[in-house]
Structure formats: C-alpha cells, structure tokens
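This is what each chain is made of:
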Amino acid sequence: MAIRIFITGGTFDKEYNELTGTLYFKNTHLAEMLTLGRSKLDVELRTLMMVDSLEMTEADRTLIREQCARSEEDRIIITHGTDTMEVTAQSLGQAQWNKTIVLTGAMIPYKFGSSDGLFNLGSALAFVQILPPGVYIAMNGRCFHWDNVKKNKKTGEFEERT
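Residues numbered from 1 in each chain as written. Predicted model: local features only at pLDDT ≥ 70, side-chain atom pairs only at ≥ 80, totals over all residues. Heavy atoms only, no water.

Description of the overall build of the chain
Going by this rule: Counting from the N terminus, the helices are DSSP H or I runs at least four residues long and the strands are E runs at least two residues long. In this analysis, two residues are considered to be in contact whenever any of their non-hydrogen atoms come within 4.5 Å of each other. Counted as positive: Lys and Arg. Counted as negative: Asp and Glu. His and the chain ends are not counted at all. A charge is said to be at NZ when it belongs to Lys, at CZ for Arg, at CG for Asp and at CD for Glu.
Counting its regular elements, the chain contains four helices and 10 strands. For the chain, the N- to C-terminal ordering of α and β elements is β-β-β-α-β-α-β-α-β-α-β-β-β-β. The contacts of the chain with a sequence gap of at least 6 include a subset with a gap of at least 24, amounting to 62%. Charged side chains of the chain number 18 positive and 21 negative; the gap between the two group centres comes to 1 Å.

Focus on the pattern of salt bridges
Applicable threshold: A pair is scored as a salt bridge if a Lys or Arg side-chain nitrogen falls within 4 Å of a carboxyl oxygen belonging to Asp or Glu. Exposure classes here rest on a 1.4 Å probe applied to the protein chains alone. A residue is buried below 20% of its type maximum, exposed above 50%, and partly exposed in between.
Taken as a whole and judged by the stated rule, the model has five salt bridges. Across the salt bridge formed by Glu 73 and Arg 4, the nearest N and O atoms sit 3.3 Å from each other. Of this pair, Glu 73 sits in the loop between α2 (58–70) and β5 (75–79) while Arg 4 sits in strand β1 (residues 3–9); the two residues are 69 residues apart in sequence, bridging distant segments of the chain. Neither Glu 73 nor Arg 4 differs from the other in exposure class; each is buried. Note that Asp 83 and Lys 151 form a salt bridge whose closest N and O atoms lie 3.1 Å from each other. One end of the pair, Asp 83, is in the loop between β5 and α3 (85–93); the other, Lys 151, is in strand β9 (residues 150–152), and 68 residues separate them in sequence. Residue classification places Asp 83 among the partly exposed residues on the basis of a relative accessible area of 31%.

Section: the environment of Asp 116
Mapped onto the secondary structure, Asp 116 falls in the loop between β6 (100–104) and α4 (117–130). Remark: the alpha-carbon pair of Asp 116 and Ala 106, spanning 10 residues in sequence, is separated by 5.7 Å. Discounting residues that sit within four places of it in the chain, Asp 116 has contacts with Ala 106, Met 107, Ile 108 and Met 139.

Brief notes about the sheet that holds strand β8 (residues 142–145)
Where we set the bar: A strand pair is defined by DSSP finding two or more bridges across the two strands. Helix axes are fitted to C-alpha atoms over the stretch in contact, other axes to C-alpha atoms as well, and angles between N-to-C directions run from 0 to 180 degrees.
Within the open sheet, the six strands sit side by side as β4-β1-β5-β6-β7-β8. Their pairing is mixed. The sheet is open, and its two edges are formed by β4 (43–51) and β8, each paired on a single side. Taking each pair of neighbouring strands and ignoring which way they run, the sheet shows an average axis angle of 20 degrees. Inspection of the sheet shows β6 paired to strand β7 (residues 134–139) by four bridges, in the parallel sense. Looking at the pairing, Ile 101 lines up with Val 135 of β7. Each of β1, β4, β5 and β6 touches α2; the most contacted strand, β4, lies at about 170 degrees to it.

Focus: the pairing of β1
By the criterion of burial, β1 is predominantly enclosed, with seven of the seven residues buried. The pairing of β1 with β4 spans six bridges and is classified as parallel. What sits directly across from Phe 6, in β4, is Arg 46. Pairing analysis gives four bridges linking β1 to β5, with the strands arranged parallel. In the sheet register, Ile 7 faces β5, and the bridge partner there is Thr 79.

Considerations on the nonpolar core
Our working definition: Nonpolar cores are built from buried Ala, Val, Leu, Ile, Met, Phe, Trp, Tyr and Cys residues. Side-chain atoms within 4.5 Å join them into one set.
In terms of nonpolar packing, the biggest core is built from 22 residues, with Cys 68, Ile 78, Leu 92, Ile 101 and Leu 103 touching the most fellow members. Within the residue set of this core, elements represented by two or more residues are β4, α2, β5, α3, β6 and β7. With sequence-adjacent residues up to four places away left out, Ile 78 is seen in contact with Phe 6, Thr 8, Ile 64, Cys 68, Leu 92, Ile 101, Val 102, Leu 103 and Thr 104. Core analysis: the next-biggest nonpolar cluster, separate from the first, contains 17 residues, Ile 3, Ile 5, Leu 30 and Leu 121 among them.

Written as structure tokens, this is what we have:
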C-alpha cells in the first residue's frame, strides 16, 4: 500500500525572498525531494496547508487529525515546522490509531541547498515502513515516540524528555 504524505509547510517548503530578506511559501518541494532522493516508494502527496508551525492553529491540527483518520493509507508522513511539531504529535498521539504516523521537518529550508530536510524525509520514509502503529517524530536520524520528545531550543535538536 502507498505511503500518504501530508504537507503542512514548515521550513521544508520555505523560500527566500532576496529583495525583502524574508522567508515565504510558494510551492511544496516534496516531489522534487523524492526525485532527488531516488525514492522508488509508492507515495501519495497532499498539501493540507502551507504555514509556519508557529502560526498553526487548533483548527489546522483538527484538519490534520481528520485527514489522517480519513486516509486509506495506514502509513502516513506529515511534514511540519519544527517549532510546534511536538504539539501536533501530542494532538495526534492522544487518539488511538491503527496507523503509523511519522512527523518530520527541517531546520534549514530545502531551497538553501544545505538542508537537513532530505535526510529527515528519507529517515521518516524508512521509519514509517517498519514501526508499529502509533505516532512518532523523526528528526536527525532518530525516532521518538510522541509522548517522549521535545525540541531543545538551545541546540535545535530533538531529544527525549527528561
């Protein structure tokens, strides 16, 4: 069965406006990233929103939960901004899923060329295929259960809660 990828924006898909010096959203880069990574997996992409996770609302999280519930695929990846990724993971994790859901993101926009996004996406694709049903975050080559993860704001890395 295919892997569903829900796109919500985040740093993965940000672009740099050279005139204003700001980051903005135009189009998702996920299809390009899958091609660059030479992925041979059967994936279905769907853009739900293009927002910075700091601007994500509870209505946005409700939409993500509803789309996960409706998805025919039982293997789901969600691209998400890293600042509130753990909040969305907790929102999803509190439901009882018979699906494997992996959230992932990037600290550096894909379009910058030195992004960790391609590596994180590849890791999420691997994890979603082998993990049992549940909700997880895949970042920096590691995988965390939804209720035991936090973003260390000093290092910019995800780690287990202590």
